[in-house]
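An overview of the molecular structure
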There are 2 protein chains.
Amino acid sequence: MSDQINRRNFIQKSAAIGAGLAAIPGTTFAAPAASKNGKPRSKLNIGVIGAGMRGQGHIEMLLNRSDCEVPAICDIDQGMADSALALYKKKGKPQPKVYGLGERDYLQLLEDESIDAVLIATPWRWHSEMAIAAMKAGKYVGVEVCGAFSIDECWQLVNTHEETGTPLFFLENVCYRRDVMAVLNMVRQELFGELIHLECGYQHDLRGVKFNDGKTPYDSGVEFGEKGFSEAKWRTQHSVHRNGDLYPTHGIGPVAQYIHINRGNRFLTLASTASKSRGLHEYIVNHSKGGQDHPNAKVEFHLGDVVTTVIKASNGESILISHDTNLPRPYSLGFRVQGTKGLWMDVNQSIYLEGQSQPHRWEPAQPYLDRYDHPLWQKYASDAEGAGHGGMDWFLLNDFVESYKRGEKPPIDVYDAATWLAITPLSEQSIALGGQPMAFPDFTRGRWIR
Amino acid sequence: MSDQINRRNFIQKSAAIGAGLAAIPGTTFAAPAASKNGKPRSKLNIGVIGAGMRGQGHIEMLLNRSDCEVPAICDIDQGMADSALALYKKKGKPQPKVYGLGERDYLQLLEDESIDAVLIATPWRWHSEMAIAAMKAGKYVGVEVCGAFSIDECWQLVNTHEETGTPLFFLENVCYRRDVMAVLNMVRQELFGELIHLECGYQHDLRGVKFNDGKTPYDSGVEFGEKGFSEAKWRTQHSVHRNGDLYPTHGIGPVAQYIHINRGNRFLTLASTASKSRGLHEYIVNHSKGGQDHPNAKVEFHLGDVVTTVIKASNGESILISHDTNLPRPYSLGFRVQGTKGLWMDVNQSIYLEGQSQPHRWEPAQPYLDRYDHPLWQKYASDAEGAGHGGMDWFLLNDFVESYKRGEKPPIDVYDAATWLAITPLSEQSIALGGQPMAFPDFTRGRWIR
């Protein structure tokens, strides 16, 4: 009852500010699985599949909450599982059940009836398989972001959700970034007018993530694969064998929300162009632990250093996405939100609004970001302090937990997941075909129109 | 003889600094037409075809020079011709011969044997026709920038040049911008390493240029075509009827020079995407002299507000070009020059160079732009003061005059013109075909390889 009231208040408030993530309309889901266990809906048992660096971050935040428990974790890497267990000890929490005897031991975790929900933070190759199995097991699913391998995989996510009724929450944390949410607020209040063109991307020098010394995660060597540690163990292989936008969601997530993708709008086509590939080879050759004679100097990386993708949306917007992870550069998601009345750009931290800004002059974005700060950030900024990625991970996980407790559909759902994930295989196909435009499937089967 | 010595000195100096525009190698041209008249090569008689705002700018700069005369001008608009004549009076110069009785009266000017060279600054529709006629008449040609209407037109420029031996100088002034030339200097000294990805564009709110009150050029009303003044008279029609990157050269000119296009590299393919078109209609409707009932509120503008074009080059670089002229925004050509060692961006006035910049942090570009200031700017900045577009127009016109006097081929030649101009029809074709990639012709017929 009080949940219902809270929910109504929340939605009213969100509608009033015009920018609450949870207020984005969409399809209605079946009630979450937890109710069938008769457990109080305010308490959530979460299993974490994948207890590496990212999974440990989630576990730590969940252990800090009074409305969750994490009674089971799963990882085939004993060292990572041990690091996760140390978090429980540090917090004075009882040790969880640990799964991980083999690659499919996660299925055992899914059979545990006491588990209401799972968070999946494994290497990309496992995301969809695990999410699909979890939906089939009736576990509310939170799955980390990546790009898909195939369009079929995206359909499998959608089809499994529709067959089982189990909700899937796609864990795109940048949708919760403070400036991103403030701009969402501004977009909904039409400060930029009608949106025309958007830009975004993943421009992150990952060379020190893709390679390390096999013992420490960052900037420590030129090893990857079996000899690598953490993400270098698996992520780098994708740069060897694939050429496309491998990681589109941090950019496209917020943009998709700004222009109502799957909620009155949809992506129609995409075309991608890849530059040559030089950065990773250069890194190996020039690193003090590498050199021309290092075995990895012979590896041919297929991933273009900069992959540029342009999307056309049904309502007429153009969207540019950059994927730029192999070259030395400062981090930037390169956001640009441009409409008939002005634009915001991330990289120069500036805004221009006709009639408000001095003609033809940028002004600093920060005063606007402060003025349109999202009510959720105003309320919870102190709770989020110290959480990952500038606090946005706290908001992400909070929304994951709270939308379950309230029986609401996830604000970032399986249709969003399928649509955003599809960018990767479509961009690979486009590049393979010399830049041909590729058509997006409509994963909502026409329901986006309503 | 002294010209030869000057020329050799200039080339040696340019080679030493590694960045002289004139030092870019290319094909060899026949000696300029002036020599056949037996005139001293240090004195140049220039005819100006098109004496509108742009042509008047050229005339004013030429009248300031002691090595040029402008004994003939041509314009069919009596008001513009009168404004040009007033410049002669102001400078105390004898009045020129004025052509302009009809649209093809420029052919009479071309028959004047005393004219060595012509500058063409007419509406876009006339550029190629006039340049071709001028080459046939043996006049050294300087032609203003635009985008082509057809690939055939680009071939006609090339073919006419090859048949006549007359040099064509493509008047792309942004190649002479101070920061652009400093970055060229940095590129040639390999501060950015091997170039991987480049961005550029024409992001210029032209609404107040495309529309006016028919009497004054800027921001004065919502008329265009017959009722418009200056560029509004003819330029706006292109936004009504065409959808593509209509004005690519300010961006692509410098980028093409950075990556040696037609001099060891070439553009392979291009794909373009246009956003919806809203900006021009909104401008008319919301303007105090416009409104919903103004006749121009019924005009349907075909030009997408933002046109995004991605080029792939033979040496593996990707290039992004933006065309964004219908929306409120600060001016920006959006340059980005990114290589294996770092990048420069225009919009945030920042640079990042691995090993020099603080890791993962932008630093201000200006100290680098000062340190790598081009020797030509160091030498002539005071001469250029007050000239158009921050002084770069002075350098452009100076290079036009000096390269003729020295008997050098133009640093921006007919092959550059054809290649850069081709972006417009190729982008129109790509958009018309739903974003299909289009192949660039090789206007050098294979000579780019050498």
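Remember, it's a predicted structure, so these values are computed and weren't measured experimentally. (Residues numbered from 1 in each chain as written. Chains lettered and ligands numbered in written order. Predicted model: local features only at pLDDT ≥ 70, side-chain atom pairs only at ≥ 80, totals over all residues. Heavy atoms only, no water.)

**Quick notes on the overall build of chain A**
Counting its secondary structure elements, chain A contains 16 helices and 15 strands. The globule rule puts the C-alpha radius of gyration for 450 residues at 22 Å, and the 22 Å found for chain A is close to it. The dimensions of chain A, computed from C-alpha atoms along their principal axes, are 65 × 60 × 40 Å. Buried positions account for 64% of the 450 residues belonging to chain A. Within chain A, counting contacts between residues at least 6 apart in sequence, those at least 24 apart form 73% of the total. For chain A, the distance from the average site of its 47 positive side-chain charges to the average site of its 52 negative ones is 3 Å. (Helix = DSSP H or I, 4+ residues; strand = E, 2+ residues; numbered from the N terminus. Rg over C-alpha atoms; globule rule 2.2 N^0.38 Å. Buried < 20%, exposed > 50% of the residue type's maximum accessible area, 1.4 Å probe, protein only. Contact = heavy atoms within 4.5 Å. Lys, Arg positive; Asp, Glu negative; His and termini not counted. Charge placed at Lys NZ, Arg CZ, Asp CG, Glu CD.)

**Observations concerning the side chain of Asn348 of chain B**
Within the secondary structure, Asn348 of chain B is located in the loop between strand E12 (342-345) and strand E13 (350-353). Setting aside its immediate chain neighbours within four residues, Asn348 of chain B contacts Val347 and Asn348 of chain A together with Trp362 of chain B.

**Concerning the domain arrangement of chain A**
All names here are of chain A. Annotation of chain A at the domain level lists domain 1 (31-166) and domain 2 (176-376 + 414-449). Relative to domain 2, the C-alpha centre of domain 1 lies at a distance of 26 Å. Each partner contributes to the interface: domain 1 provides 19 residues, whereas domain 2 provides 29 residues. Approximately 2100 Å² of surface area, both sides summed, lies buried where domain 1 meets domain 2, with 73% of it carried by carbon and sulfur atoms. Among the residues of domain 1 in contact with domain 2, Trp124, Ile151 and Trp155 are the three that bury the most area, contributing 29% of the side total. Put simply, domain 1 and domain 2 have 2 salt bridges between them. In this structure, Arg447 and Glu162 form a salt bridge, with 2.6 Å as the shortest nitrogen-oxygen distance. Summed over the shared surface of domain 1 and domain 2, the number is 6 residue pairs in polar contact (both at pLDDT 80 or more). Looking at which element gives the most residues to the side of domain 1 that touches domain 2, the answer is helix H6 (residues 151-164), with 8 residues. Of the residues belonging to the side of domain 1 that touches domain 2, the class tally is 13 nonpolar, 4 polar and 2 charged. (Domains from an automatic or database assignment. Buried area = accessible area lost by both parts, 1.4 Å probe. Salt bridge = Lys/Arg side-chain N within 4 Å of Asp/Glu carboxyl O. Polar contact = N/O pair within 3.5 Å; in protein donor to acceptor, adjacent residues only side chain to side chain. Nonpolar A, V, L, I, M, F, W, Y, C, P; charged D, E, K, R; others polar.)

**Side note on the interface of chain B and chain A**
Tallying the contact residues gives 48 residues for chain B and 48 residues for chain A. Of all residues in chain B, Lys276, Pro328 and Pro330 of chain B bury the most surface against chain A, accounting for 15% of the area lost on that side. For Arg207 of chain B, the salt bridge goes to Glu354 of chain A, with nearest N and O atoms at 2.6 Å. Those elements giving two or more residues to the side of chain B that touches chain A turn out to be strand E7 (195-203), strand E8 (267-274), strand E9 (306-313), strand E10 (318-324), strand E11 (336-339) and E12 of chain B. The element best represented in the side of chain B that touches chain A is E9 of chain B, accounting for 5 residues. Counted by class, the side of chain B that touches chain A contains 16 nonpolar, 17 polar and 15 charged residues.

**Let's talk about the relation of the copies chain B and chain A**
One copy of the chain maps onto the second through a rotation around an axis plus a translation along that axis. The two copies are related by a screw operation: chain B maps onto chain A through 180° of rotation and 0.0 Å of translation along the axis, at an RMSD of 0.0 Å. With respect to symmetry, the two chain copies, as superposed, fit the operation of a two-fold axis. Residue Asn348 of chain B of chain B places its C-alpha closer to the rotation axis than any other residue of that unit, at 2.2 Å. Interface residue correspondence from chain B to chain A reaches 100%, placing this contact among same-surface, isologous pairings. (Least-squares fit on C-alpha atoms with pLDDT ≥ 70 in both.)

**So, the sheet that holds strand E6 (residues 168-170) of chain B**
Residues and elements named next belong to chain B. Strand order in the open sheet formed by 6 strands is E3-E2-E1-E4-E5-E6, with parallel pairing between adjacent strands. The open sheet has two edge strands, strand E3 (97-99) and E6, and neither has a second partner. For this sheet, the mean angle separating the axes of adjacent strands, direction not counted, is 25°. As judged from the 5 bridges shared by strand E1 (residues 44-49) and strand E2 (residues 68-74), these two strands associate in the parallel manner. Each residue of the ladder has a partner; that of Leu44, found in E2, is Cys68. (Pairing = 2+ DSSP bridges. Axes fitted to C-alpha atoms, helices over the stretch in contact; angles between N-to-C directions.)

**Points about the sheet that holds strand E9 (residues 306-313) of chain A**
Residue and element names in this part refer to chain A. Taken in spatial order, the 9 strands line up as E14-E13-E12-E11-E7-E10-E9-E8-E15 in an open sheet, and their pairing is mixed. Strands at the two margins of the open sheet, each flanked by one partner only, are strand E14 (363-364) and strand E15 (438-439). In the sheet, strand E11 (residues 336-339) pairs with strand E12 (residues 342-345) via 4 bridges, with the strands oriented antiparallel. Across the sheet, the residue bridging to Val337 is Trp344, located in E12.

**A closer look at the pairing of strand E13 (residues 350-353) of chain A**
Residue and element names in this part refer to chain A. Both faces of E13 are covered, namely the face carrying Ser350 and Tyr352 and the face carrying Ile351 and Leu353. Looking at chain direction, E12 and E13 are connected through 4 bridges and run antiparallel. For Met345, the partnering residue across the bridge sits in E13 and is Ser350. The antiparallel hairpin formed by E12 and E13 contains 4 residues in its connecting segment, where Gln349 sits at a positive phi of about 50°. Note: E13 against E14, 2 bridges, orientation antiparallel. When the sheet's bridge partners are listed, Ser350 is paired in E14 with Pro364.

**Remarks on the pairing of strand E8 (residues 267-274) of chain A**
Residues and elements named next belong to chain A. Taking burial as the measure, the 8 residues of E8 include 6 buried ones, the bulk of the element. Alignment of E8 against E9, held across 7 bridges, turns out to be antiparallel. Bridge assignment links Leu270 to a residue of E9, and that residue is Ile311. Relative to E15, E8 runs antiparallel, the two sharing 2 bridges. Residue pairing in the sheet places Thr269 in a bridge with Ala439 of E15.

**Regarding the environment of Ser83 of chain A**
All names here are of chain A. Mapping Ser83 onto the fold places it in helix H3 (residues 78-91). On the basis of relative accessibility, which here comes to 34%, the residue Ser83 falls in the partly exposed class. Along the chain, Ser83 and Gly52 lie 31 residues apart, while their C-alpha atoms are 8.3 Å from each other.

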